[in-house]
Amino acid sequence: MTEQQARERIETLRAQLRYHADLYYRKDAPEISDYEYDALFRELETLEAAFPALVTDDSPTRRVGGAVLEKFEKVTHEVPMGSLTDVFSYDELDQYLEKIAAELPGAYYSVEPKIDGLSVALTYESGKLIRGATRGNGLVGEDVTGNIRTIRSIPLTLPEPLTLTVRGEVYMPRSVFAELNAIQESEGLPLFANPRNAAAGSLRQLDPKIAASRRLDIMVFNLQSGDVYADGRQAETHTETLDRLAELGFHVLPHRKRLSDIADINEHVKKLGEMRDELTFDMDGAVIKLDRFDHRREIGEGTGRPKWAVAFKYPPEEKETTLKDITIQVGRTGVLTPAAELEPVHLAGTTVSRATLHNIDFIADKDIRIGDRVIVRKAGEIIPEIVRRAGESHAPGSVPYRMPDTCPACGAPVVRDADGDGAAVRCVNPACPAQKMRGIVHYASKGCMDIDGLGPQVIAQLLTARLISDVADLYTLRAEDVAALDRMGEKSAANLIAAIDTSREAGLERLLCALGIRQVGEVAAAAIARKFGTLNAVRAASFEDFAEVPDIGDVTAENLIEYFANPDNAARIDRLVAAGVRTDAVKAVTADTLAGKTFVLTGTLPHLTRQEASDKIEAAGGKVASSVSKKTSYVVAGEEAGSKLTRAQELGVPVIDEATLLSMLDA
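Residues numbered from 1 in each chain as written. Predicted model: local features only at pLDDT ≥ 70, side-chain atom pairs only at ≥ 80, totals over all residues. Heavy atoms only, no water.

1. Things to note about the sheet that holds strand E5 (residues 128–134)
Strand order across the open sheet formed by 4 strands is E5-E4-E7-E8, with antiparallel pairing between neighbours. Edge positions in the sheet fall to E5 and strand E8 (217–223), since each of these pairs with one other strand and no more. On average, adjacent strands in this sheet sit at an angle of 30° to one another, irrespective of strand direction. Sheet topology note: the strand E4 (residues 118–125)/E5 ladder contains 6 bridges and is antiparallel. Of the residues in E5, the one forming a bridge with Val 120 is Thr 134. Sitting on the sheet, helix H6 (residues 195–203) is in contact with E4, E5 and strand E7 (164–171), with an inclination near 40° to E4. (Pairing = 2+ DSSP bridges. Helix = DSSP H or I, 4+ residues; strand = E, 2+ residues; numbered from the N terminus. Axes fitted to C-alpha atoms, helices over the stretch in contact; angles between N-to-C directions. Contact = heavy atoms within 4.5 Å.)

Next comes the structure, spelled out in structure tokens:
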């Protein structure tokens with residue numbers, strides 16, 4: 001084949017692939033099978049390999065390419081990507097619409113589904129995609145162009161040489177999410193909580209090939225400015241721009257309507273809510289925005305949020321199902337926690353078959369029994385919970401549930417906390433295998449010793465093979481013993497041993513948290529480490545010494561005294577010390593630059609992990625809190641900042657980005 005023949009065939013193949021990709025990804029009307037599409041794609045790859053001079057950046061084969069990145073570069077948005085004001089009832093929505101109607105009688109609105117994904121901005125110059133950036137904190141995002149190019153519904157080249165920026169929501173289709181979690185489960189990896197979390201993790205992969213394998217999609221919902229025409233003419237309405245963007249090949253929001261009457265707007269919002277189960281994507285609300293751009297300018301902008309649009313938030317989706325059984329899980333502190341085994345039901349984007357029941361008082365208050373029909377929802381759209389019993393009567397033959405008198409894991413008698421008045425039922429056998437298992441999982445977790453690769457399934461195998469019996473045994477493991485476990489192999493075993501070795505240097509803060517002392521989490525552990533400096537000093541401390549530590553109360557002080565007085569705990573600590581586990585504080589205060597200031601972190605920062613940012617703040621004398629209050633000095637907002645950012649704006653707490661934090665640290 002001559003180069004000219006190759007050129008002609010390559011151009012034909014590219015046109016065919018773009019045509020069929022548009023039918024498949026944007027119009028949902030494929031004309032050929034996946035096998036036929038793949039055959040065309042492979043032919044194009046072969047020809048481009050034989051004639052590399054004919055390869056262009058906008059070729060369908062170039063969607064996944066380039067080296068793995070070390071980090072994402074920052075992108076400052078020319079126009080801030082703000083968030084919307086939320087309304088939570090039809091009364092609130094009516095009040096908003098009536099207020100607008102007083103200024104703009106008869107105004108039209110675009111009523112649209114609010115996709116539950118990640119907002120991005122796509123920039124084109126002369127018709128070529130040059131950048132894809134995440135929303136970040138609204139002002140500064142991350143350059144994820146390599147991963148954006150892997151989304152097949154995004155055109156790499158527009159049919160006209162336009163320069164524009166569009167905004168859209170990247171999401172993971174529900175069917176893809178189900179397949180991904182099935183793979184995660186089969187490989188013994190943690191499951192993704194929901195499609196949005198899975199999409200967020202996929203879009204921020206440093207390797208575009210991994211992002212491509214996640215098969216993300218996008219819905220475009222806005223043009224950054226009204227300038228969509230080649231002659232620079234301004235569009236008059238939002239609806240006009242979306243129709244135009246659809247003509248240009250973008251996957252735009254479906255099920256949207258242009259409406260004026262308040263009753264009609266309410267009706268369409270309700271209809272969108274009712275159709276949530278039928279959609280291929282998750283939605284977390286509806287958006288109601290003025291359609292005319294001159295109307296938007298007349299109504300104006302608020303503080304960080306436009307006045308010309310609101311987001312209607314649906315109440316948590318509730319479904320009815322059957323409570324098939326109640327099972328018991330034993331935690332690392334011995335607490336017996338009941339869990340509901342449910343008839344599987346599709347809820348808020350995932351199939352739910354289990355829900356927490358918290359404790360026996362929760363079960364009694366809800367008056368639920370095995371066999372009952374119950375109403376379930378997801379707390380915070382993530383954690384399944386039972387709301388109430390469905391109907392007035394119990395299942396025939398059912399009886400009130402009683403917590404077991406013995407631990408289901410070890411058979412030892414259980415006790416009820418607080419002299420029988422508390423809700424927690426606890427196994428007090430220190431040799432309980434379930435407690436050991438949970439304790440080791442906790443020790444290896446990210447917020448503690450952060451041992452990568454040491455998940456629940458691996459720990460269970462190590463315990464079953466009697467290679468370990470407690471956390472100190474981890475430091476005696478040999479790679480050859482670990483390699484013999486199911487699904488491990490030499491490379492995985494070597495990586496695990498290396499991760500265990502690295503954990504020796506975690507420091508006193510993480511070690512105190514990892515030991516599993518009741519009510520000693522990351523914040524309390526860091527405060528204790530700052531106060532005492534070494535493990536020996538902690539072990540020698542009195543109740544009064546602990547009570548003087550900020551963030552430590554009398555109950556926690558009692559727990560600390562009790563823990564270190566226990567001979568088994570003392571022996572375990574001695575073995576950890578002998579294994580070379582670091583016992584001095586890593587987070588020493590090296591400066592007072594941030595003394596007296598309290599920070600709250602929200603979202604994903606561009607370069608620092610939450611732990612790294614916390615370490616830097618504390619090393620400079622500052623404090624990191626978990627919630628926003630009037631006492632908060634600054635909120636550090638990163639990618640996809642959530643409710644903490646909203647709370648900060650409500651309270652007038654200063655919001656800064658990572659760069660500002662670093663400049664404060666260097667001051």
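2. Thoughts on the pairing of strand E19 (residues 598–602)
With respect to burial, E19 is a largely interior element, 5 of its 5 residues being buried. Taking every second residue as pointing to the same face, both faces of E19 are buried, with Thr 598, Val 600 and Thr 602 on one and Phe 599 and Leu 601 on the other. The sheet contact formed by E19 and strand E20 (residues 623–625) spans 3 bridges and is parallel. Along E20, the bridge assignment pairs Phe 599 with Val 624. After leaving E19, the chain enters helix H22 (residues 610–619) and then returns to the sheet as E20, a path that is right-handed. As defined by bridge partners, E19 adjoins strand E21 (residues 634–637) across 4 bridges and the pair is classed as parallel. (Buried < 20%, exposed > 50% of the residue type's maximum accessible area, 1.4 Å probe, protein only. Right-handed = clockwise from strand over helix to strand, strands pointing away.)

3. Brief notes about the nonpolar core
Ranked by size, the top nonpolar core spans 54 residues in total, and within it Tyr 443, Ile 451, Leu 474 and Ile 528 carry the most contacts. Every element with two or more residues in this core is listed here: helix H12 (433–444), helix H13 (456–464), helix H15 (489–503), helix H16 (508–514), helix H17 (522–532), helix H18 (535–540), helix H20 (554–565) and helix H21 (567–578). Counting residues per element, this core draws most heavily on H17, at 6 residues. Discounting chain neighbours no more than four positions away, the residues touching Ile 528 are Leu 512, Val 520, Gly 533, Val 538, Phe 546, Val 549, Ile 552 and Leu 560. (Core = buried A, V, L, I, M, F, W, Y, C linked by side-chain atoms within 4.5 Å.)

Everything listed here is a matter of geometry and, on its own, says nothing about what the molecule does.
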